[in-house]
Amino acid sequence: YRGRVTKPRHLIFDCFTEEHCIPSFKIPDDWQRYLGLDFGGINTAGIFLAEDPQSKKLYCYKEYWAGKKTAKDHVGDMLLGEVAIPLCYGGAKAEGQWRQEFRDGGLSVKQPKVSDVWLGVNIVYGEIKSNNLIVFEECAGLIFQLNNYRRKYDSLGNPTDEIHNKNEYHFCDATRYILASIRKYKGTMIAFA
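Counting restarts for each chain, with residues numbered from 1 along the sequence as it is written. Per-residue local features are limited, in this predicted model, to residues with pLDDT of at least 70; the limit for side-chain atom pairs, both in listing and counting, is 80 or more; totals at the level of whole chains, interfaces and linings are taken over all residues. Derived side-chain values reflect all non-hydrogen atoms in the structure, with water molecules and hydrogen atoms excluded from consideration.

**Regarding the overall build of the protein chain**
Here is step 1 of the chain: Per the secondary structure count, the protein chain includes five helices and eight strands.
Here is step 2 of the chain: Counting only C-alpha atoms, the protein chain reaches 55 × 35 × 30 Å along its principal axes.
Here is step 3 of the chain: Put simply, the protein chain has 193 residues, and 49% of those count as buried.
Here is step 4 of the chain: In the protein chain, the proportion of contacts linking residues at least 24 apart, taken out of those at least 6 apart, comes to 64%.
Here is step 5 of the chain: Reported accessibility uses the Shrake-Rupley method at a 1.4 Å probe radius. Residues are deemed covered only where the shown protein chains occlude them. A total accessible area of about 10000 Å² is found for the protein chain, and carbon and sulfur atoms account for 51% of it.
Here is step 6 of the chain: We count Lys and Arg on the positive side and Asp and Glu on the negative side, and we leave His and both chain ends out. For this purpose, a charge sits on NZ of Lys, CZ of Arg, CG of Asp or CD of Glu. Side chains of the protein chain carry 26 positive and 24 negative charges; the gap between the two charge centres is 4 Å. Segments assigned H or I by DSSP are reported as helices when at least four residues long, segments assigned E as strands when at least two residues long, and all are numbered from the N terminus. Each residue is placed in one exposure class: buried if its accessible area under a 1.4 Å probe, protein chains only, is under 20% of its type's maximum, exposed if it is over 50%, and partly exposed if it falls in between. Contact definition: two residues touch when any of their heavy atoms are within 4.5 Å.

Listed below in structure tokens is the structure:
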């Protein structure tokens, strides 16, 4: 519009920009680590975050995506190279069996504190908008998904309350599970044009 570069109005995380993406650096060993998980037989996704104890900013430093493995194999592969076992939240409310499988495999996975999708999305949006979520450039899957997570349109071209191809956004779901469990809702609302 009038030669101005803007993001499409149906994007959910329209506040996510290239300024939220930085080159990787060595995360200090004493920073608190978190892991958000989205379960699936074919698509198990994990988002690893580290919290700067001074600024309280969260840095997404690693992503995990694999399928056709046992929970124990996922746990071994996910935690490879980690300095400590991260505090982990994951899965939808009904995915208790997945959480139990991962516990049996060596990783305690807590049920997310927020089950409502849009409240969780708003928490993620608030963290991005407040510049409290920074993503390492090598986490290309999460960057792609944050830049493409969008609403479906109705027959009149208006955005709906449904997410377009929601089952393809495993990194966004993993991010929502962990952020909604470790951060409080700050009242930031996503745009709904």
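On we go from here.
**Things to note about unusual backbone geometry**
Here is step 1 of the chain: The phi angle at K56 is positive, at roughly 70°, despite the residue not being glycine.
Here is step 2 of the chain: With respect to the helices, strands and loops of the structure, K56 is situated in the loop between strand 3 (44-51) and strand 4 (58-66).
Here is step 3 of the chain: Of note, N165 is a non-glycine position whose phi angle comes to about 50°, a positive value.
Here is step 4 of the chain: Looking at the secondary structure, you find N165 in the loop between strand 8 (159-163) and helix 5 (170-182).
Here is step 5 of the chain: N165 gets classed as partly exposed once you look at its relative accessible area, which sits at 35%.

**Describing the pairing of strand 2 (residues 32-38)**
Across a regular strand the side chains alternate sides, sitting on one face of the sheet and then on the other.
Here is step 1 of the chain: In terms of burial, strand 2 is a largely internal element, six of the seven residues being buried.
Here is step 2 of the chain: The sheet contact formed by strand 2 and strand 3 spans seven bridges and is antiparallel. Bridge pairing in strand 3 links L37 to G46.
Here is step 3 of the chain: In this description, strands pair whenever DSSP reports at least two bridges between them. Connecting strand 2 to the antiparallel partner strand 3 that follows it, the hairpin turn spans five residues.

**Observations regarding the packing of aromatic side chains**
Here is step 1 of the chain: Stacked, edge-to-face and tilted are the three classes for Phe, Tyr and Trp ring pairs, Trp counted by its six-membered ring, which pair at centre distances within 6.5 Å; planes under 30 degrees apart are stacked, over 60 edge-to-face, the rest tilted. This structure, assessed with the given rule, holds ten aromatic pairs.
Here is step 2 of the chain: Relative to Y59, the ring of F25 has its centre 5.3 Å away and its plane inclined at 80°; by these criteria the two rings are edge-to-face. Of this pair, F25 sits in the loop between strand 1 (21-22) and strand 2 while Y59 sits in strand 4, and the two are 34 residues apart along the sequence.
Here is step 3 of the chain: Ring centres of Y149 and Y169 lie 5.2 Å apart, and the angle between their planes is 70°; this geometry places the pair in the edge-to-face category. You can see Y149 sitting in the loop between helix 4 (140-148) and strand 7 (151-153) and its partner Y169 sitting in the loop between strand 8 and helix 5, a full 20 residues away along the chain. Assigned by exposure class, Y149 and Y169 land together as buried.
Here is step 4 of the chain: Taken together, the ring pairs in this structure connect F25, W31, Y59 and F136 into an aromatic cluster.

**Things to note about the environment of R33**
Here is step 1 of the chain: The residue R33 is located in strand 2 in this model.
Here is step 2 of the chain: Distance from R33 to V117, taken between C-alpha atoms, is 23 Å for residues 84 residues apart in sequence.
Here is step 3 of the chain: Residues in contact with R33, not counting those within four places in the same chain, are I27, P28, L49, A50, Y61, E82, V83, P86 and L87.
Here is step 4 of the chain: Counting of polar contacts relies on pairs of N or O atoms within 3.5 Å, with two restrictions inside protein: one atom must be capable of donating a hydrogen and the other of accepting it, and residues adjacent in sequence are counted only when both atoms are side-chain atoms. Reaching out from R33, the side chain makes a polar contact with the backbone oxygen of P28 at a distance of 3.3 Å.

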